[in-house]
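Residues per chain, in single letters:
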Amino acid sequence: MSALTRPSSSAAHPSLWFGAAMTAIVVLIALVSLVWTPQDPTAMEMTQRLQGPSALHWLGTDRFGRDVLSMAMAGAAISLQVSFVAIAFGMALGVPLGLFAAMRGGVLDEAAMRMSDLIFAFPALLTAIMLRELFGPGALNAMIAIGIFNVPVFARVTYGAALSLRTRDFVTASRLAGKSETLIALDHILPNVLPLLIVQATIQLSLGILAEAALSYMGLGVQPPAPSWGRMLNDAQTLMAVAPRLALVPGLCIVFTVLGLNLLGDGLRDKLDPRLRRRQA
Amino acid sequence: MSPLWLLRRIAGLLFALVAASAIVFVLMDLLPGDPAEIMLGTNARPDTLAALRAEMGLDRPALIRYADWALGLLRGDFGRSLTYSVPVAELVQERLAVTLPLAMMAIALTLFIALPLGAFAASRRKSLTDSTIIAVTQLGVAIPNFWFAMMLVLVFAISWRLLPSGGFPGWSAGPSAILALILPAIALALPQAAILTRVMRSSLLETLGEDYVRTARAKGLTRAEALRRHAFRNALIPVLTILGLQFSFLIAGTVVIENVFSLPGLGRLIFQAINQRDLVVVRSVVMLLIASIIVINFCVDLAYALVDPRLRGRS
């Protein structure tokens, strides 16, 4: 059993199960939307514009006559997709950076962590503005902008955990047995940091959903005709007085998803983070 | 605070500012291609393009252009806006008159909500009140600020007609200017307040378990007195740090919220400049916002070290 991953003996935190259930619902809807939606989410039908809920359109239609439920379902897929890629991007760069800094120490450690501090000063929105001319507005722009913000987060988590692990007996034993620092990092440090990374990934995923919605709302993320929650909110803004439901549906979708992920993250942290377990004991 | 520690922090700040300006310059001036063509479009006449290139000094080496731009920023010269035909510094000054009060109002509101609420929850640990406050903050963190802004408009501007739904009449309009900033400030403050309430609660709970608080209780202080006299001030240290870290979210939030409410601040200026392809304005305002985040984080670091001497030895 690894040093940091001994499962909690206490009863599972209720937020873990609530969060997991809520997240599972969103993921399921997103997956279903890839193969089926009640209507084509991009099909415009001007004769059906701004219709209220009906048997044909459960959540009504928008100003172009598009089916709101289908758009919200497809929006879930896009939102999760952007956030997942952004997490993968952040982990792919941040984890090796944190590991490298912790294992090497000295000037390189200082330089790597200062660089990651610097990236913290670039909110995803400003990065997306800067990358706009390079990649153009779109999902790719959002993925990279959010991903860049994730890099220092994962670097910090990995660095902190790896620093405390590298002086542990089992690491010293491996070093004495002649293992290289790279092999120690991959075979012993990384598996032990993994639970913390999973918790952090859940939290970053929820922040990614919020950031993606904001970027799409501002026209820097997913572009029409692809439906996204942020874009739906942007379209709904001028119709708040006549059709507030157009803003309610995507907004509640975002809140439900982020709340689910936050509860899941909290629950996982209670279960997996050894520092919290020690405090609770 | 030792001079060496302070010097190291100042060197770190200068390095961060130079590195950030280099990143902004490379991403916005070098990598996308010819800035003059981006600004005028591919159908621009060659002589117009050549004139703009000359005006922007694009015929000079990139390093010289960067140095010119960066030194200009230090002197307060942010370049000249092509759309407005005025110095960018003038535009920034004008727009800061909206953005700065909005940000200050949001921070004040955040603290006004978070500190008492967090302390109240901590003082009633594991009670129904505590659980309700935790649940509300959990919800607050999950609500996107721009959606919350739209809901505020729906309720307070459209349904109840109590506050304006957007726009800014200018400071000369007096109280209506403040009224115009109330809903945006609330929208900005909500997620920040939710996070800070949680931090305040857990920080206070941790402090209440410290030996000196127990000693104070043993000397006859009530729990409320011990909380007010000893624990509260010490619990503020992590709150201060998180407030500093949240500043980048506040900046991003301001940019979005200004656009929701059509407020003529820096955030709106950036997006108007993006639509008008005015790269000079976009580049300088983005740099200004990033520099403000770096400087605020530096100040928080200093404040933190002033309060907690143990941290001065931190790398």
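Residues numbered from 1 in each chain as written. Chains lettered and ligands numbered in written order. Predicted model: local features only at pLDDT ≥ 70, side-chain atom pairs only at ≥ 80, totals over all residues. Heavy atoms only, no water.

1. Some details on the packing of helix α1 (residues 14–35) of chain A against helix α9 (residues 245–272) of chain A
Residue and element names in this part refer to chain A.
Point 1. It is at 7 Å that the axes of α1 and α9 come closest, and there the two elements cross at 140°. Put simply, α1 runs oblique to α9. Seen along the crossing, α1 lies across α9 with a hand that is left-handed. Taking contact as the criterion, the partners of Ser 15, Leu 16, Phe 18, Gly 19, Ala 20, Met 22, Thr 23, Ile 25 and Val 26 in α1 are, on α9, Phe 256, Thr 257, Leu 259, Gly 260, Leu 261, Leu 263, Leu 264, Asp 266, Gly 267, Leu 268 and Lys 271.
Point 2. Classifying every residue of the contact of α1 with α9 by side-chain character gives 12 nonpolar, 6 polar and 2 charged. (Axes fitted to C-alpha atoms, helices over the stretch in contact; angles between N-to-C directions. Helix = DSSP H or I, 4+ residues; strand = E, 2+ residues; numbered from the N terminus. Parallel < 35°, antiparallel > 145°, perpendicular 65-115°, else oblique. Left-handed = near helix turned anticlockwise from the far one by under 90°. Contact = heavy atoms within 4.5 Å. Nonpolar A, V, L, I, M, F, W, Y, C, P; charged D, E, K, R; others polar.)

2. Thoughts on the interface of chain B and chain A
Point 1. Residue-level contacts link 46 residues of chain B with 41 residues of chain A.
Point 2. Summed over both partners, the interface of chain B with chain A buries about 3,800 Å², with 79% contributed by carbon and sulfur atoms.
Point 3. When the buried area of chain B at its contact with chain A is split by residue, Phe146(B), Trp147(B) and Met150(B) rank highest and sum to 16% of it.
Point 4. Here chain B and chain A share 4 residue pairs in polar contact (both at pLDDT 80 or more) between them.
Point 5. By residue number, the principal contributor to the side of chain B that touches chain A is helix α1 (residues 3–30) of chain B, which donates 9 residues.
Point 6. Here the side of chain B that touches chain A is built from residues that sort into 37 nonpolar, 4 polar and 5 charged. (Buried area = accessible area lost by both parts, 1.4 Å probe. Polar contact = N/O pair within 3.5 Å; in protein donor to acceptor, adjacent residues only side chain to side chain.)

3. Notes on the confidence of the model for chain B
When pLDDT drops low, the exact placement of atoms in the prediction is not to be read closely.
All names here are of chain B.
Point 1. Taken residue by residue, chain B gives an average pLDDT of 88. The fraction at 70 or more is 97%.
Point 2. Of all secondary-structure elements in chain B, the lowest mean pLDDT belongs to helix α2 (residues 35–40), at 78, while helix α7 (residues 145–159) reaches the highest, 95.
Point 3. Taken together, the chains of this predicted complex give a pTM of 0.90 and an interface ipTM of 0.89. (pLDDT = per-residue confidence, 0-100.)

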